[in-house]
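A structural walkthrough
Here is what each chain is made of, one letter per residue.
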Amino acid sequence: MADFQKGEDMILELKETRPHGTKEYPYDQCFIHNVRHNFQFPVHWHDEFEIIYIIKGSLKISIEDQDYTGKAGAVFLVNPRELHLMGSFDLSVAYYTLLFPLEFISFQSKDKLEQTLLQPLRSGRLLLANEIKDTVLLNKLGNLFDEMVLLNDEKSLCYQLKTRILLLTFLSRIMEQGLFTVPETAGSRTGRQKELLIYIQEHYMEDITLQTLADEFHLSEKYISRYFKEHFCLTFSHYLNHLRLTGAQRLLETTELSVTDIALRSGFSSVSYFIRMFKECYGVSPLKYRKSVYREIK
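What you see is a predicted model, and the numbers here were worked out from it, not measured in a lab.

1. Concerning the sheet that holds strand β2 (residues 39-44)
- If you trace the four strands from one edge of the open sheet to the other, you get β2-β7-β4-β5, paired in antiparallel fashion. Strand pairing shows two members of the sheet lacking a second neighbour, β2 and β5 (66-70), which therefore form its edges. In this sheet, adjacent strand axes meet at a mean angle of 15 degrees when their direction is disregarded.
- Of the strand pairs in this sheet, strand β4 (residues 59-63) and strand β7 (residues 84-88) are connected by four bridges, and their pairing is antiparallel. Within the sheet, the bridge partner assigned to I63 lies in β7 and is H84.

Shown next, in the form of structure tokens:
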């Protein structure tokens, strides 16, 4: 697993928990640049397909427990529901993440293309290769993604239709190179990882500890602690705080609950600890964060 920072001063980036796009236009793009500290997006997965397109600098990526290092011009593909994380010590790093559900580029017809390619991709019976190695293809894809990013930044005429066309062109380039794989039939090699993460996501509001996980999965505390550091590049407590802060963030944005109630509902036993952790992560107190969100809505 990639050797990201594991100390208590690691800053967890929470942006990936945000909805991707809108119901009317489910494509979303995010440009990560001008970073002021080394960072790691915690391990996660989602139902959308994701393209990681590196503009400059160096980015470490892990997809389904396979580690990669990407430089300027590199492209990595994350299939729906694949566990992945990314991070960097390089403060000059700049990269795009482009996310969309595969339904966004599918057709209503039951033709051969739908039956042999698009439907298998949506159902997970066919996967796109995670890493693009061919330099000629990378140059073509780079030009294509540059055009797509510009379209969606400027929202120029017919940008939604043109984005679909460009994504289909991207898929045709992948088809030409035969960059598809069939998932392992013996079960996902990250099955235990997903079981652990799903359990924590369902119980993070409770008083959950390493001992809780040890009892639930019939493993030792020491083994689970080591497993987290090895496979997720962060400690159990870091991941737990990430989920609790993300949950608190959503409650601040969508409810009028008091800060005390939000802290307790998010799994924090101490309100003062919650406020301190929230401020370290977001740069403002929970109340100031809520006020800034309300101002944006107005």
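2. Focus: the confidence of the model for the protein chain
- Taken over all residues, the pLDDT of the protein chain has a mean of 86, while the share at 70 or more is 89%.
- Scored below 50 in pLDDT, residues 1-17 shows 65 contacts in the model against residues more than four places distant or in partner chains.

3. A word on helix α3 (residues 159-177)
- When the terminal C-alpha atoms of α3 are compared, their 27 Å separation across 19 residues agrees well with the 27 Å that a helix rising 1.5 Å per residue should span.
- Taken as a whole, α3 has its buried residues at Y159, T163, L166, L167, F170, L171 and I174. Burial along α3 is one-sided: seen end-on, the buried residues are contained in an arc of 140 degrees. Summarising the geometry of α3, the exposed residues directed more than 90 degrees from the buried face are L161 and E176.
- G178 lies just past α3 and shows a positive phi near 65 degrees.

About the criteria used
Residues numbered from 1 in each chain as written. Predicted model: local features only at pLDDT ≥ 70, side-chain atom pairs only at ≥ 80, totals over all residues. Heavy atoms only, no water. Pairing = 2+ DSSP bridges. Helix = DSSP H or I, 4+ residues; strand = E, 2+ residues; numbered from the N terminus. Axes fitted to C-alpha atoms, helices over the stretch in contact; angles between N-to-C directions. pLDDT = per-residue confidence, 0-100. Contact = heavy atoms within 4.5 Å. Expected span 1.5 Å × (residues − 1). Buried < 20%, exposed > 50% of the residue type's maximum accessible area, 1.4 Å probe, protein only. Arc of directions from axis to C-beta.

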